Amino acid sequence: MAKTNKELADFLRRARGQGDPARAGLPADGRVRRVPGLRREEVAFLAGVSTDYYTRLEQGRPITPSPAVVEALGRALGLDATGRAHLHDLIGGGAAPGRRPRPVQRVRPGLYQLLDSLDGEPALVLGRRTDILAANRMAKALFSDFDQRPPRERNYARWMFLDDDARSLFVDWEDQARAAVESLRFEVGRDPDDPATLALVEDLRARSRAFDEWWEQHRVHQRTHGSKRLRHPLVGELTVDYETLALPGDPDTTLFVYTAEAGSASKRALDLLASWTLTDAPGARADHAPES
């Protein structure tokens, strides 16, 4: 029997439930809606497919729509660019069965040198499932010294939900934590059978009620830029902006660089933090890479 695509079924149901009939341009038909969102036949109509075809997709049946149909479904469901990319990933079926385990991620020496050269700005390298592969001196001072944690604990989502210091550090903790869940959801769609990712999700769902609740919502987010509001124990409140850079040759690795607006109170706070931690030994190399 062919394997059911449960991730796809869940995502389609939840996306349909969040749809807005009026915004989709559907005329009122006088029928009472028992549940919010779009009906299956409405999604099928908007996407230009039969209701039976869409129903089988939403049931996770082993169907492979054409790229044009996937795009039409994304438009019908009102998905943004990240949601459409996630839909493509889920329909693609993820990694092939019987594959070899993915190798442990390593950071090349030149990237460590780049992190050290960014000594005035906090910078992190994140890998698969938000594993923290490397951090420069300022990132350790601003967030946490992840090198001092066991390899299994060097994970951004795990730190965000299970460390009391992280909850205290972020003024907008709920927004940041939700984004971490949605980013992890997006990654699961790219490789839904990765054992290490599934183990991380299972552990976080068991240990954090908030993570479990937000995971069930099946929303996705791809972090490309944004800001974080912090309440740092040494320099007080500040806001940092971040930009992400994908690294050529390793699509599973991302560089995060944090800055503050020139002349702002937040920039002065960062400069003060830099001066207070200047006596610490520089370097971003971790003793061991996180377990994969």
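Residues numbered from 1 in each chain as written. Predicted model: local features only at pLDDT ≥ 70, side-chain atom pairs only at ≥ 80, totals over all residues. Heavy atoms only, no water.

Q: What is the right way to look at the overall build of the protein in this model?
A: What the protein contains, in helices and strands, is 13 helices and five strands. In the protein, buried positions account for 48% of the 292 residues. In the structure as shown, the protein presents an accessible area of about 15,100 Å², 50% of it carried by carbon and sulfur atoms. (Helix = DSSP H or I, 4+ residues; strand = E, 2+ residues; numbered from the N terminus. Buried < 20%, exposed > 50% of the residue type's maximum accessible area, 1.4 Å probe, protein only. Areas by Shrake-Rupley, 256 points an atom, 1.4 Å probe, with all protein chains shown as cover.)

Q: So what exactly am I meant to see when it comes to helix H4 (residues 67-76) here?
A: Within an α-helix, residues lying three or four positions from one another point in the same direction, as the helix has 3.6 residues per turn. Every buried residue of H4 is listed here: Val69, Val70, Ala72, Leu73, Gly74 and Ala76. Buried residues in H4 make contact with helix H2 (40-47), helix H3 (51-58) and helix H5 (81-92). Positive backbone phi, approximately 70 degrees, marks glycine 78, located one or two places after H4. (Contact = heavy atoms within 4.5 Å.)

Q: Explain the packing of H2 against H4 here, please?
A: Any two packed helices are characterised by how steeply their axes cross, that is the angle between the axes, and by the distance between the axes. Contact geometry for H2 and H4: axes closest at 8 Å, N-to-C directions at 125 degrees. If you check the angle between H2 and H4, you find them oblique. Crossing handedness for the pair H2 and H4: right-handed. On the side of H2, the interface is formed by Val43, Leu46 and Ala47, while H4 contributes Ala72, Leu73 and Ala76. Its residues assigned to classes, the contact of H2 with H4 comprises six nonpolar, no polar and no charged. (Axes fitted to C-alpha atoms, helices over the stretch in contact; angles between N-to-C directions. Parallel < 35°, antiparallel > 145°, perpendicular 65-115°, else oblique. Left-handed = near helix turned anticlockwise from the far one by under 90°. Nonpolar A, V, L, I, M, F, W, Y, C, P; charged D, E, K, R; others polar.)

Q: For this particular structure, what's the right way to read the nonpolar core?
A: Soluble globular proteins tend to bury their nonpolar side chains together. Counting 42 residues, the largest nonpolar core has Leu124, Phe143, Phe161 and Phe170 as the members making the most contacts within it. Not counting residues within four places of it along the chain, the set of residues in contact with phenylalanine 161 comprises Trp173, Ala177, Ala180, Val181, Leu204, Ser208, Ala210, Phe211 and Trp214. By size, the runner-up hydrophobic cluster in this structure holds 25 residues, among which are Leu12, Leu57, Ile63 and Leu87. (Core = buried A, V, L, I, M, F, W, Y, C linked by side-chain atoms within 4.5 Å.)

Q: Sorry, what's going on with the pairing of strand S1 (residues 123-126) here?
A: When a strand is regular, its side chains alternate between the sheet's two faces. Of the two faces of S1, the one carrying Ala123 and Val125 and the one carrying Leu124 and Leu126 are both buried. Where S1 lies against strand S5 (residues 250-259), four bridges are found, and the strand directions are antiparallel. When the sheet's bridge partners are listed, valine 125 is paired in S5 with leucine 255. Pairing of S1 with strand S2 (residues 132-135), which is carried by three bridges, proceeds in the antiparallel orientation. Bridged to leucine 126 within S2 is isoleucine 132. The antiparallel hairpin formed by S1 and S2 contains five residues in its connecting segment, where arginine 129 sits at a positive phi of about 50 degrees. (Pairing = 2+ DSSP bridges.)

Q: Honestly, a nonpolar patch on the surface in this entry has me stumped. Any pointers?
A: A surface patch of nonpolar side chains, amounting to about 300 Å² of accessible area, comprises Leu234, Leu272 and Trp276. Considering the arrangement of structural elements, one finds leucine 272 in helix H13 (residues 265-276). Taking the relative accessible area as the measure of exposure, leucine 272 reaches 35% and is therefore partly exposed. (Patch = residues over 30% accessible without salt bridge, like charges linked within 9 Å, V, L, I, M, F, W, Y side chains within 5 Å. Salt bridge = Lys/Arg side-chain N within 4 Å of Asp/Glu carboxyl O.)

Q: Please explain unusual backbone geometry as it appears in this structure.
A: Only a minority of non-glycine residues have a phi that is not negative, and only a minority of peptide bonds are not trans. Even without being glycine, arginine 129 reaches a positive phi, approximately 50 degrees. With respect to the helices, strands and loops of the structure, arginine 129 is situated in the loop between S1 and S2. If you check the backbone angles, histidine 218 has positive phi at about 50 degrees while not being a glycine. For histidine 218, a relative accessible area of 2% puts it in the buried group.

Q: I tried to follow the pairing of strand S3 (residues 225-232) on my own but got confused; where do I start?
A: Alignment of S3 against strand S4 (residues 236-247), held across eight bridges, turns out to be antiparallel. Bridging from a neighbouring strand, glycine 226 pairs with tyrosine 242 of S4.

Q: I keep staring at the confidence of the model for the protein and nothing clicks. Help me out?
A: Detailed reading of the predicted coordinates is not advisable wherever pLDDT is low. Mean pLDDT over the protein: 86, with 88% of residues reaching 70 or higher. Within the protein, the lowest mean pLDDT, 85, falls on H5, and the highest, 97, falls on helix H8 (residues 156-162). Below a pLDDT of 50 lies the segment residues 94-99, which in the model reaches ten contacts outside its immediate sequence neighbourhood of four places, other chains included. In this model, residues 281-289 is a region of pLDDT below 50 whose contacts with residues beyond four sequence positions or in other chains number 26 contacts. (pLDDT = per-residue confidence, 0-100.)

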